[in-house]
Amino acid sequence: MQAAATSISVIAAQAGIQIGKVPIVRHLGLAEFAPTYQAMRRFTDSRGTTTPDELWVLEHPPVYTVGIAGRAEHFPRRGEVPVERVDRGGQITYHGPGQAIVYALIDLARRGLTVRGVVSSIEQAVIEVLGAHGVGAERRTGAPGVYVDGAKIAALGLRVRRGCCYHGVALNVDMDLAPFSAIDPCGYPGLAVTQTRAHGVLADAAEMGEELARRIARLIEDQ
């Protein structure tokens, strides 16, 4: 999969920062889920000890993805949207245009990070980005993700293989939320979902994805 890296790696080189320390941010636009998923797996399987970490910013056409803990009783009750089984943690969620997705391809072993540490950093990045737009958000104990007034605004799930993680976070920005009503989001019947547009944020998914990727990069660098 080809995509141009943003200037973050160039800036890092000019500043004398060790390449590989600063994750490279790639913008993939609207990308089909299945080939993106396979690309993440190939990247992880082929990377070496000096391969720079990457953050992929994108949106997906409508698709449900089901993690390794997924159970059929949470699946969609109608069949217009395809369902893809994947190897991340968690249950079922929905992706669609207008949702900012950041996939985090991070060498945890090289950075000395734990899975919990990365999850916490991603959640914190979402909270900080929303806070910068005047939206108060919080974590929920035992239910990874970020919530606003009790409604889920961002879902996340990771897979770790060979000491490296992939998958990431999906932030609802300005999308059709109706497909969530056909499932039990993240395995929780009746879980309310929301999005940034409902809270007065005018930035679109591409802008929010860029902000989120840069916050994640900073928080990971600070670990």
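The following refers to the structure shown.

About the criteria used
Residues numbered from 1 in each chain as written. Predicted model: local features only at pLDDT ≥ 70, side-chain atom pairs only at ≥ 80, totals over all residues. Heavy atoms only, no water. Pairing = 2+ DSSP bridges. Helix = DSSP H or I, 4+ residues; strand = E, 2+ residues; numbered from the N terminus. Axes fitted to C-alpha atoms, helices over the stretch in contact; angles between N-to-C directions. Contact = heavy atoms within 4.5 Å. Phe/Tyr/Trp six-rings, centres within 6.5 Å; stacked < 30°, edge-to-face > 60°. Buried < 20%, exposed > 50% of the residue type's maximum accessible area, 1.4 Å probe, protein only. Lys NZ or Arg CZ within 6 Å of the ring centre and 35° of its normal.

Quick look at the sheet that holds strand E7 (residues 146-148) now. Here we have six strands laid out as an open sheet, ordered E1-E2-E6-E9-E8-E7, and mixed in their pairing. At either margin of the open sheet sits one strand with a lone partner, and together these are strand E1 (24-30) and E7. Strand-to-strand twist of the sheet, defined as the mean angle between neighbouring strand axes without regard to direction, takes the value 15°. The strands touched by helix H5 (residues 205-221) within the sheet are E1, strand E2 (54-59), strand E6 (99-107) and strand E9 (164-172), with E6 carrying the most contacts at an inclination of about 25°.

All right, on to the packing of aromatic side chains then. By the definition in use, this model includes four aromatic pairs. Taking 6.2 Å as the distance between ring centres and 75° as the angle between the ring planes, the aromatic pair formed by Phe43 and Trp56 counts as edge-to-face. Placement of Phe43 in helix H2 (residues 33-46) and of Trp56 in strand E2 is noted, with a sequence separation of 13 residues between them. Summarising the burial analysis for this pair, Phe43 and Trp56 share the class buried. Ring centres of Tyr94 and Phe180 lie 5.5 Å apart, and the angle between their planes is 80°; on these two criteria the pair is classed as edge-to-face. You can see Tyr94 sitting in strand E5 (residues 92-95) and its partner Phe180 sitting in the loop between E9 and H5, a full 86 residues away along the chain. Through a chain of ring-to-ring contacts, three or more aromatic side chains come together here, namely Tyr64, Tyr94 and Phe180. Cation over ring: Arg140 sits above Tyr147, and NZ or CZ is 4.2 Å from the ring centre.

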